[in-house]
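If you want the building blocks of each chain, they are given just below.
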Number of protein chains: 2
Amino acid sequence: MKKLINDPRAVVDESVEGFGLAHADLVTVSADPKYVTRKDAPVAGKVGLVSGGGSGHEPLHAGFVGRGMLDAAVPGAVFTSPTPDQIIPATLAVNSGAGVVHIVKNYTGDVLNFETAAEMAQAEGVEVRTVLVNDDVAVEDSLYTAGRRGVGGTVLVEKIAGAAAERGDDLDAVAAIGDRVNQNVRTMGVALSACTVPHAGSPSFDLEDNEIEIGIGIHGEPGRHKIAMENADGITNRLLEPILSDLGTASGEKVLLFVNGMGGTPLSELYIVYRRAAQILAERGIAVERSLVGNYITSLEMQGCSVSVLRLDDEMTALWDAPVHTPALRWGV
Amino acid sequence: MKKLINDPRAVVDESVEGFGLAHADLVTVSADPKYVTRKDAPVAGKVGLVSGGGSGHEPLHAGFVGRGMLDAAVPGAVFTSPTPDQIIPATLAVNSGAGVVHIVKNYTGDVLNFETAAEMAQAEGVEVRTVLVNDDVAVEDSLYTAGRRGVGGTVLVEKIAGAAAERGDDLDAVAAIGDRVNQNVRTMGVALSACTVPHAGSPSFDLEDNEIEIGIGIHGEPGRHKIAMENADGITNRLLEPILSDLGTASGEKVLLFVNGMGGTPLSELYIVYRRAAQILAERGIAVERSLVGNYITSLEMQGCSVSVLRLDDEMTALWDAPVHTPALRWGV
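What you see is a predicted model; the values in this text were computed from it and never measured.

Attention now moves to the interface of chain A and chain B. Taken together, the contact between chain A and chain B spans 53 residues of the former and 53 residues of the latter. Between chain A and chain B the total buried area reaches about 4,400 Å² when both faces are included, carbon and sulfur atoms providing 60% of it. When residues of chain A are sorted by the area they lose upon contact with chain B, Lys-2, Leu-4 and Tyr-271 of chain A head the list and together hold 21% of the total. For the pair chain A and chain B, the number of links is six salt bridges. Among the ionic pairs, Arg-275 of chain A bridges to Glu-17 of chain B, the shortest N-O distance being 2.9 Å. When residues of the side of chain A that touches chain B are traced back to their parent elements, those giving at least two are helix H1 (11-22), strand S8 (211-214), helix H6 (232-247), helix H7 (267-283), strand S11 (287-294), strand S12 (304-311) and strand S14 (330-331) of chain A.

If you want it as structure tokens, here you go:
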């Protein structure tokens, strides 16, 4: 294992510390319990947005803390859910009185711990709503999940619900738009290589030299099937088909197309995937109104990508376009 | 070789095509000869900025085309200089009459081809100035270079000179500020793994399982030495020492700290490097006024990073902060 780390057990501590130093103008880091808040939190009158999950998916979630997106992010150990004793103080810290929305990727540990934290925060008088993200069309149940996993769509939920909170929507409205994004987004991923959790020290799964895993999870958990390596167009076809069929897109619809890198794949390859995905959508008469290409929800140094398609309506498009100022996503400000 | 590509010889064509589709609001792609221009080029009265070089370093350079940065980027084949017959039309396309600045990384092929193109463009009546970037402190001469190589500092030259052009500086002034950035920036890189050029099909150099290369070039060309793997703090010490000693920074100075990923290293690890680099600067009484962390000048899927330190003055800081709207760098708009 070759990594730019010191003590494998200190990876999250040191990485979050460096993140806090690099973005001290935007965020405040609480070291223990560990969570990251927007520098000006709580924002008076605004619904607070909190997300979190295992580390190893950077920039998700801490990279999305800032104006127009999250108020707090709660990083767990690598590929391990954050605990209620982190989520509770993060929730309290961003509550201005308008309540807090938890955005939770559908993994059993995350769901349980956010649920516990929501109950405890509510006992302290904070109204909490939860948006569950489960956009992965690859598998119904997986190693860490009952039901579909939350993957790339999470970034889009956080951006759009974050913009709704920023414009002053109330608690139920912010949760509702988050749910609407989740209902209209589907994602599918592929791995060309495994990744190594620092404290484990060896790859989390095996892939032969000429083998890839279609429908991979963001923790390297199994997807649909391993197949022999194919070219980018063939792989992209395999990702798009189940996405579009599950989403039920029709000609004339407008979408956001998101090609996400898993961490170890060059940007140039993501654009080759984007090219084919855009061709497929064009062939079906679907208009790509917005796009996002880059490493936004990763799996350490895994090689591979995921593709997400979000069916847009005018309100979602406007909220997507609204100003955002976070370490990893920024425009309009 | 496992890559998200189709024909290895079509990688640049298809990647740039996908890039053009994803960012059609910002850029125009000329397929043959291949170059990318800002959508509204030429901008009346503004000095044009053109950069380019071998592909495989994305988002550099095409990702920096747009308002406040480059007017055109000229991508060569992977790790291969672009040719004059690409650079000339790109130069002509962005000339509004105010002249054009070429920003050229110091590699023999790039220098020759940009020089030829500059002469030809000048023969057609376009005034051209050249800013040569040679910020790499690792080696004096290398496999592809006489003198120091141009590496991470290029991104900072393009941003700051781009802002100067955008505010209306004339040709000589834009070239002068570009030179000033180059004179005040130093960079050093490290590779944990090699990378594979698609049409070559095998890694461009060898590293043992417990070996890293200090002072690596962005094409995998040799650096200072191979050493046994060390921890992140030790590696960061090795990168910072020659940078600061060569730059001659003194206590009380202000700098921009740029930790750049080589393409295959997780963002979380870049922040661990950032943390140690920030500690070193703090110990020396140097103030980090601005920061940049991410994959901005890469070497395909290479694992590793480079660190750049730019000595700031007030004008450079103001130009760094000026609005920029490109696919890979955006703020203030």
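Packed helices, taken two at a time, are described by the angle between their axes plus the distance between the axes. Residues and elements named next belong to chain B. Across the interface, helix H4 (residues 153-166) lies against helix H5 (residues 171-183) with an axial gap of 9 Å and an inter-helix angle of 155°. Classified by the interaxial angle, the pair formed by H4 and H5 is roughly antiparallel. Between H4 and H5 lies a crossing whose hand is right-handed. Contacts between H4 and H5 involve Leu-156, Val-157, Ile-160, Ala-161, Ala-164 and Ala-165 on the former and, on the latter, Val-174, Ile-177, Gly-178, Val-181 and Asn-182. Looking at side-chain class alone, the contact of H4 with H5 contains nine nonpolar, two polar and no charged residues.

A separate point is the packing of aromatic side chains. One pass over the full model with this rule turns up eight aromatic pairs over all chains. Between Phe-19 of chain A and Tyr-271 of chain B, the aromatic rings sit 5.3 Å apart at their centres with planes inclined by 80°, giving edge-to-face as the arrangement. Here Phe-19 of chain A, found in helix H1, pairs with Tyr-271 of chain B, found in helix H7 (residues 267-283), and the two come from separate chains. Seen in terms of ring centroids, Phe-64 of chain A and Tyr-296 of chain A are 6.5 Å apart; in terms of plane orientation they differ by 25°. Their pairing is stacked. With Phe-64 of chain A in the loop between strand S3 (48-55) and strand S4 (72-78) and Tyr-296 of chain A in the loop between S11 and S12, this pair connects stretches of sequence that are 232 residues apart. Each member of the pair, Phe-64 of chain A as well as Tyr-296 of chain A, is classed as buried.

Bringing the sheet that holds S11 of chain A into the picture now. All names here are of chain A. Spatial strand order, S9-S8-S7-S12-S10-S11: six strands in an open sheet with mixed pairing. Strand pairing shows two members of the sheet lacking a second neighbour, strand S9 (225-228) and S11, which therefore form its edges. On average, each strand axis in the sheet is inclined to that of its neighbour by 20°, with strand direction left out of account. The pairing of strand S7 (residues 185-191) with S8 spans two bridges and is classified as antiparallel. Opposite Val-190, over in S8, you have Ile-214 as the bridge partner.

With that settled, the discussion passes to the UniProt feature "domain: DhaK" (unreviewed entry) in chain A. Look at the UniProt record and you will see "domain: DhaK" (unreviewed entry) annotated at residues 7-331 of chain A. Its end C-alpha atoms 36 Å apart, residues 7-331 of chain A is made of 33% helix and 25% strand.

About the cut-offs
- Note that residues are indexed from 1 along each chain, following the sequence as it is written.
- Written order determines the labels here, with chains lettered from A and ligands numbered from 1.
- A pLDDT threshold of at least 70 governs which residues receive local features in this predicted model, and a stricter bar of 80 or more applies before side-chain atom pairs are shown or counted, although totals over entire chains, interfaces and linings include all residues.
- Think of the side-chain values as coming from all heavy atoms in the structure, minus any hydrogens and water.
- The contact criterion used throughout is that any non-hydrogen atoms of two residues lie within 4.5 Å.
- Accessible-area loss on putting two parts together, using a 1.4 Å probe and summing over both, is the definition of buried area adopted here.
- A carboxyl oxygen of Asp or Glu within 4 Å of a side-chain nitrogen of Lys or Arg is what we treat as a salt bridge.
- What counts as a helix is a DSSP run of H or I of at least four residues, what counts as a strand is a run of E of at least two, and both are numbered from the N terminus.
- Think of each axis as a best-fit line through the C-alpha atoms, taken over the contacting stretch in the case of a helix, with angles from 0 to 180 degrees between the N-to-C directions.
- By the definition adopted for this analysis, an angle is roughly parallel if under 35 degrees, roughly antiparallel if over 145, roughly perpendicular if from 65 to 115, and oblique otherwise.
- Here is the rule for handedness: rotate from the far helix to the near one, and if that takes an anticlockwise turn smaller than a right angle the crossing is left-handed, while a clockwise turn gives right-handed.
- Polar here means any residue outside two lists: the nonpolar Ala, Val, Leu, Ile, Met, Phe, Trp, Tyr, Cys and Pro, and the charged Asp, Glu, Lys and Arg; Gly therefore counts as polar.
- Any pair of Phe, Tyr and Trp rings, taking the six-membered ring for Trp, is counted once the centres come within 6.5 Å. Such a pair is stacked with planes under 30 degrees apart, edge-to-face with planes over 60 apart, and tilted for the rest.
- When accessible area is computed with a 1.4 Å probe and restricted to protein chains, residues below 20% of their type maximum are described as buried, those above 50% as exposed, and intermediate ones as partly exposed.
- Pairs of strands are assigned from DSSP output, requiring at least two bridges between the strands.
- UniProt positions are given in the numbering used here, feature names are shortened, and annotations may be inferred rather than shown by experiment.

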